[in-house]
Amino acid sequence: MFLLLLFLILSSFVLVRLFLYRTALIYGLKKWAHWVEDRIHVHQYLKVPELNDNSQENQFYNKVSTYLKSLPSIEDSDFTNLFSGKKSSDIVLTLDGNQTVHDVFLGARVSWKNDVVERKTFVLRIKKKDKRRVLRSYLQHIHTIADDIEQRCREVRLFINAAQADCNGRWRSVPFTHPSTLESIAMDSDLKNKVKSDLESFLKSKQYYNRLGRVWKRSYLLYGPSGTGKSSFIAAMAKFLNYDVYDVDLSRVFDDSDLKMLLLQTTAKSVIVVEDLDRFISERSTAVSLTGLLNFMDGIVNSCCADEKLFVFTMNNKEQIDPVILRPGRIDVHIHFPLCNFNSFKTLASSYLGLKDHKLFPQVEEIFQSGATMSPAEIGEIMIVNRSSPSRALKTVITALQTNGAAAAATGKVGRRLSDGSSARPAEEESVGESSGLLGKDSLPAMKELRKLYGRLRMKSSKQVGPSDQDSGLIER
Ligand SMILES: Nc1ncnc2c1ncn2[C@@H]1O[C@H](COP(=O)(O)OP(=O)(O)OP(=O)(O)O)[C@@H](O)[C@H]1O
Ligand SMILES: [Mg+2]
């Protein structure tokens, strides 16, 4: 028995040795084959120095550096440097001095050497026979990949138009750190997916827009009552695209030409935001004329400034808006942000309270079915305040919904559901949520009272009802 055990240990030891030897052998053979291949072919060398003849930074050197860091084959290089990345958990591999990394493009095997002997230079070695065939598209490929990586890693900034210009122009900027993501917004999942794929296809449409002779831009209108997530959604879109945000405050725009100048000073890959456009129009609280606004949305200036832009306008109500503002081209996609229905309530309960289900859910559903509703902001606030007790949070939501329904009935405004699929509601109906006192001044004492009451409430769960309708509020024009 002992001998058998000894034999097994020894034979596994020999096998491991043999395996290691074999892999080293294979590695050696591969290296030798490459060496032979290199001797057979004529190569050409292209240098990418870090600095140009005037000692200025060579942008292409940085692009090559970014590109090489992304190659999986960098791990096979004999010596690589390990650096921590932007996030503390990230580790970035870079090529050590005089080390080589291999790459394959359209079947052509090339290599890059990090030459540090005289001055920092990347040296590309390519077979002469491949050069004519792939070099141009390979360099283009490096550009595209490096731009893509830089775009994903860059810090997104929020720009706000200042009242006065300084050496940086009219825009002031801060890092954009809004925590909202598309996942954290409670909205119909079909609608969310539609918006996501619309944004993704916009990103890939450069050639398409060029071919059509159109400016590469897309305009969204987000409309719906206050506190339904429009501003949060803009932040989520900007994060999804990794675009800067230019938040145009129309009250700080002096005239139409000032608005044009602001637009000209924006950069590509950005979201240009105009919030509460309906308010500015109805209150006439901006110096910008209708013509100035139309030109801003779809004028000649748009074609002069950097493209790849998203325009996002928000409104509480679009019914009173001049149709010329909303025509296709000025607004491409209309997204409705309704007050809560039972589905969005469940999303909020899941993210704010960690609740997937609860015995009070049927009762909440029934109240929503009866027509009562509130904004996600209001429901979210109740959930945050009561997050230590999910039952208490749900009871408070139920009471708030019931009070809201009663208030609507008392004022003759029957509770309604913005969550119905019918987006063609009359304008007056659109404003019921606001005037029902839900977020108005009158509602605040009532809400405070409700929050005090939360512990004492005991609501009986009632009969189960069918799933509520969903809003498919995306209209593409
Ligand atoms: N659909 C939603 N999903 C998740 N959270 C939401 C949603 N709607 C609103 N909230 C929360 O409510 C708060 C207010 O939302 P937000 O400012 O985005 O609303 P809004 O529609 O822009 O309102 P207003 O029209 O008054 O500007 C935010 O903190 C946000 O997290
Ligand atoms: Mg807002």
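Right, let's walk through the structure included here. Keep in mind the model is a prediction, meaning the values are calculated, not measured.

**Focus: the nonpolar core**
In step 1: Core analysis: the biggest nonpolar cluster contains 30 residues, and Tyr220, Leu222, Phe233, Val271, Leu310 and Ile335 have the highest contact counts within it.
In step 2: For this core, the secondary-structure elements that each account for two or more residues are α4 (189-203), β9 (217-223), α6 (230-241), β11 (270-274), β12 (309-315) and β13 (333-336).
In step 3: With seven residues, α6 is the largest single contributor of residues to this core.
In step 4: For Leu222, the contacting residues outside a window of four places in its chain are Lys230, Phe233, Ile234, Val312, Phe313, Thr314, Met315, Ile335 and Phe337.
In step 5: In this structure, Leu250, Leu259, Leu293 and Ile325 belong to the second largest nonpolar core, which totals 29 residues.

**A word on the environment of Val101**
In step 1: Of note, Val101 is situated in strand β4 (residues 100-105).
In step 2: In contact with Val101, other than residues within four places in its own chain, are Leu68, Leu71, Ser73, Ile74, Leu95, Val110, Ser111 and Trp112.

**A look at the pattern of salt bridges**
In step 1: Within the structure shown, the criterion is met by 14 salt bridges.
In step 2: Across the salt bridge formed by Glu283 and Arg279, the nearest N and O atoms sit 3.7 Å from each other. A residue pair is termed a helical-turn pair when its members lie 3 or 4 positions apart in one helix, as Glu283 and Arg279 do in helix α8 (residues 277-283) at four residues.
In step 3: Judged by its relative accessible area of 36%, Arg279 falls in the partly exposed class.
In step 4: One salt-bridge network, in which partners are shared between bridges, spans Lys63, Asp147 and Glu150.

**A word on the pairing of β4**
In step 1: Burial along β4 is one-sided: Val101, Asp103 and Phe105 are buried, and none of Thr100, His102 and Val104, which face the opposite way, are.
In step 2: Where β4 and strand β5 (residues 108-115) come together, six bridges link them in antiparallel fashion. Note that in β5 the partner of Thr100 across the bridge is Lys113.
In step 3: In this structure, the hairpin formed by β4 and β5 is closed by a connection of two residues, where Leu106 is found at a positive phi of approximately 50 degrees.

Cut-offs used in this document
- Each chain carries its own residue numbering, running from 1 in the written order of its sequence.
- Throughout, the order in which chains and ligands are written sets their labels, letters from A for the former and numbers from 1 for the latter.
- Residue-level local features of this predicted model are given only where pLDDT is at least 70; pairs of side-chain atoms are given and counted only at 80 or more, and the full residue set underlies all totals for whole chains, interfaces and linings.
- Side-chain descriptors were evaluated using all non-hydrogen atoms of the structure, hydrogens and water having been removed beforehand.
- In these notes, a set of buried Ala, Val, Leu, Ile, Met, Phe, Trp, Tyr and Cys residues joined through side-chain atoms within 4.5 Å is what counts as a nonpolar core.
- Classification of residues uses two cut-offs on accessible area relative to the type maximum, computed with a 1.4 Å probe and protein chains only: under 20% is buried, over 50% is exposed, and between them is partly exposed.
- Here a helix means four or more residues in a row that DSSP labels H or I, a strand means two or more in a row labelled E, and each is numbered from the N terminus.
- Here, residues are in contact when the closest pair of their heavy atoms is within 4.5 Å.
- Throughout this description, the term salt bridge denotes a Lys or Arg side-chain nitrogen within 4 Å of a carboxyl oxygen of Asp or Glu.
- Two strands qualify as a pair provided that DSSP identifies no fewer than 2 bridges between them.

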